[in-house]
Amino acid sequence: VREWAQRMRRAGNRYVEVPPFAVLRARTAGFAIGLSKQRVHFSTPLRIPTSQRPAGVSVVIPSRNGKEMLARMLPAVLDQLAEGETIVVDNGSEDGSADFLRHQFPRVIVLQHAAPLAFAAAVNVGVRAARFSHVCLLNNDMAIAPGFLPHLRRAFETVPHLFCAAAQVFLPAGLIRQETGKAFIRSAPAPSDFPVRCDLPIEGEDLSYVLYGSSGCSLYDAERLASLHGFDEIYKPAYVEDLDAGVRAWQQGWPTVFVANAHVLHEHRATMSKLYSKEQLDYMVARHWLLFLARTVRQRVVFALY
């Protein structure tokens, strides 16, 4: 796979097929891992302690060189936050973000890191510092609509044992809406397909079960998220960590639902596209998908399917 990725980068935008030997090698490794999977795996359910957290929302925003985006998105967040706190994890920024926040948004808690962390690690810093009953993870390239946080909060009053409330995601005008927040997995994927997909919501749909919530615009039960130890930091530098957390929560019987009325506009990959090429981002997603299959999927038949 590493050899294939290097060939892709050298080829630029030209299509390059996967070398047959690389495919055989990957399938052999997958077969070996599959043999180690239990036919049915039962684990002791995690015990959630009685929460001592006050009711409210801790909004956690990881940000790297995102001063301008923070200036645009923070006023709406602070306006909707009646009970709670806003935590910005300043992740190795070199644009003066921390000083800007302290002067322009004194209500915001700034956790500053001189060297950049991977996305999951940066999120976990904020999650560990969060003090309230629910944690809302927001990327700095998200613009929330009126009522965003109240709509997400109401889902937890309706759905028992809820782990995550996922927002409905919109993209800027002119872009194909590949991201909606309504995440599913194909039951019989073709070998060339990435199995996870986002569907358009049906008119009137709300609180339907979905696979996971995006770590860029979802609300989590703080105690349940803490019991999973946050996001797995093996997914470096980013992507698939939210899918992994959502599936691990489902394995505990904790659902994720799609909240149709919680709207957010996503300036897609506004930060990551500055740091990595499209080919590097695509490779990152594919590699982390394989890590997810090897680490998190428990049943042999499911592992073999994907």
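From a predicted model like this one, the values you see are computed outputs, not experimental measurements.

Draft legend 1. Structural view of the overall build of the protein. Scanning the protein for helices and strands turns up 11 helices and 11 strands. Counting across all 306 residues of the protein, residues that qualify as buried make up 48%. Counted over contacts in the protein with a minimum sequence separation of 6, partners at least 24 positions apart contribute 75%. Looking at the protein as shown, the accessible area adds up to about 15,900 Å², and 55% of this sits on carbon and sulfur atoms.

Draft legend 2. How the structure looks around the confidence of the model for the protein. Residues with a pLDDT of 70 or more make up 87% of the protein, whose mean pLDDT is 87. A low-confidence stretch, residues 7-17 (pLDDT under 50), is modelled with 9 contacts involving residues beyond four sequence positions or located in other chains.

Draft legend 3. Local environment of the nonpolar core. If you look at the biggest cluster of nonpolar residues, it comprises 41 residues, and the most contacted ones within it are Leu137, Phe163, Phe231, Leu243 and Phe292. Considering each element in turn, this core owes the most residues, 7 residues, to helix α10 (residues 278-295). Those residues within four positions of leucine 137 in sequence are excluded, and the remaining contacts are Val60, Val123, Val127, Ser215, Gly216, Cys217, Ser218, Tyr220 and Phe231.

Draft legend 4. Examining the pairing of strand β4 (residues 134-138) more closely. Burial of β4 is extensive: 5 of the 5 residues sit out of reach of the surface. Residues His134, Cys136 and Leu138 line one face of β4 and the alternating positions Val135 and Leu137 line the opposite face, and both faces are buried. Bridge count between strand β1 (residues 57-63) and β4: 4 bridges; the pairing is parallel. Residue pairing across strands places serine 58 opposite valine 135, the latter belonging to β4.

Draft legend 5. Focus on the pattern of salt bridges. The final tally for this structure, using the stated rule, is 10 salt bridges. The partner of glutamate 267 in a salt bridge is arginine 72, and the shortest N-O contact between them spans 3.3 Å. With a gap of 195 residues between them, glutamate 267 in the loop between β11 (256-266) and α9 (272-275) and arginine 72 in helix α3 (residues 67-80) connect regions that are remote in the sequence. Of the residues examined, glutamate 267 reaches a relative accessible area of 34% and is grouped as partly exposed. A salt bridge links arginine 295 to aspartate 232; the shortest N-O distance between them is 2.6 Å. Linking arginine 295 in helix α10 with aspartate 232 in the loop between α7 (222-227) and α8 (241-251), this pair joins segments that are 63 residues apart in sequence. Owing to a relative accessible area of 19%, aspartate 232 belongs among the buried residues under this scheme.

Draft legend 6. Quick peek at the side chain of threonine 86. As for its position among the elements, threonine 86 is in strand β2 (residues 84-91). You can call threonine 86 buried: its relative accessible area is 2%. Contacts of threonine 86, omitting those with residues within four sequence positions, involve Val59, Ile61, Leu74, Val77, Leu78, Leu81, Arg107, Val108 and Ile109.

Draft legend 7. Focus on the pairing of strand β10 (residues 217-221). Summarising burial for β10: 5 of the 5 residues are buried, a large majority. The side-chain alternation of β10 yields two buried faces, one formed by Cys217, Leu219 and Asp221 and the other by Ser218 and Tyr220. In terms of strand pairing, β4 meets β10 through 5 bridges, oriented antiparallel. Of the residues in β10, the one forming a bridge with valine 135 is tyrosine 220.

Draft legend 8. Region of interest: the packing of α3 against helix α4 (residues 97-104). Direction vectors running N to C along α3 and α4 enclose 25°, while the axes themselves pass 10 Å from each other. Between α3 and α4, the angle is such that the two are roughly parallel. In this structure, the crossing between α3 and α4 has a hand that is right-handed. Across from Lys67, Leu70, Ala71 and Leu74 in α3, the residues of α4 making contact are Ser97, Phe100 and Leu101.

Draft legend 9. Local environment of the side chain of threonine 296. By secondary structure assignment, the location of threonine 296 is in the loop between α10 and α11 (300-305). Those residues in contact with threonine 296 that sit more than four places away from it in its chain are Tyr235, Asp244, Val247, Arg248 and Gln251.

Draft legend 10. Inspection of the packing of aromatic side chains at higher detail. Here the structure, examined in full by the defined rule, presents 7 aromatic pairs. Their ring planes at 90° and their centres at 6.0 Å tell us that tyrosine 220 and phenylalanine 231 sit as a pair that is edge-to-face. Placement of tyrosine 220 in strand β10 and of phenylalanine 231 in the loop between α7 and α8 is noted, with a sequence separation of 11 residues between them. When sorted by exposure, tyrosine 220 lands in the same class as phenylalanine 231, which is buried. Connected via pairs of aromatic rings, a cluster forms that spans Phe163, Tyr220, Phe231 and Trp254. Over the aromatic face of phenylalanine 170 sits the side chain of arginine 177, whose NZ or CZ is 4.1 Å from the ring centroid. Lying over the aromatic face of tryptophan 254, arginine 224 brings its terminal NZ or CZ to 5.4 Å of the ring centre.

Cut-offs and rules
All residue numbers refer to position in the chain's written sequence, counted from 1. Only residues with pLDDT of at least 70 are given local features in this predicted model, and only at 80 or more are side-chain atom pairs given and counted; all residues enter the totals for whole chains, interfaces and linings. To obtain the side-chain values, all non-hydrogen atoms of the structure were used and water was disregarded. Runs of H or I in DSSP of at least four residues are treated as helices and runs of E of at least two as strands, each being numbered from the N terminus. Only protein chains enter the accessibility calculation, which uses a 1.4 Å probe. A residue is then buried if its area is under 20% of the maximum for its type, exposed if over 50%, and partly exposed in between. Residues count as neighbours in contact if any of their non-hydrogen atoms are within 4.5 Å of one another. Using a 1.4 Å probe, accessible areas were evaluated by the Shrake-Rupley method; residue-level cover was limited to the displayed protein chains. Per residue, pLDDT measures the predictor's confidence, with a range of 0 to 100. We define the nonpolar core as a collection of buried residues of types Ala, Val, Leu, Ile, Met, Phe, Trp, Tyr and Cys that are connected through side-chain atoms lying within 4.5 Å of one another. Think of it this way: DSSP has to see at least two bridges between two strands before they count as a pair. Salt bridge, as used here, is a side-chain nitrogen of Lys or Arg placed within 4 Å of a carboxyl oxygen of Asp or Glu. To get an axis, a line is fitted to the C-alpha atoms, and for a helix only the part in contact is used. The angle between two axes follows their N-to-C directions and goes from 0 to 180 degrees. Convention used here: angles under 35 degrees read as roughly parallel, angles over 145 as roughly antiparallel, angles from 65 to 115 as roughly perpendicular, and any remaining angle as oblique. Put simply, a crossing is left-handed when the front helix is turned counterclockwise from the back one by less than a right angle, and right-handed when it is turned clockwise. When two rings of Phe, Tyr or Trp (its six-membered ring) have centres within 6.5 Å they constitute a pair, described as stacked for plane angles under 30 degrees, edge-to-face for angles over 60, and tilted for the intermediate range. Comment: the charge-over-ring label is applied if NZ (Lys) or CZ (Arg) is within 6 Å of the ring centre and within 35 degrees of the ring normal.

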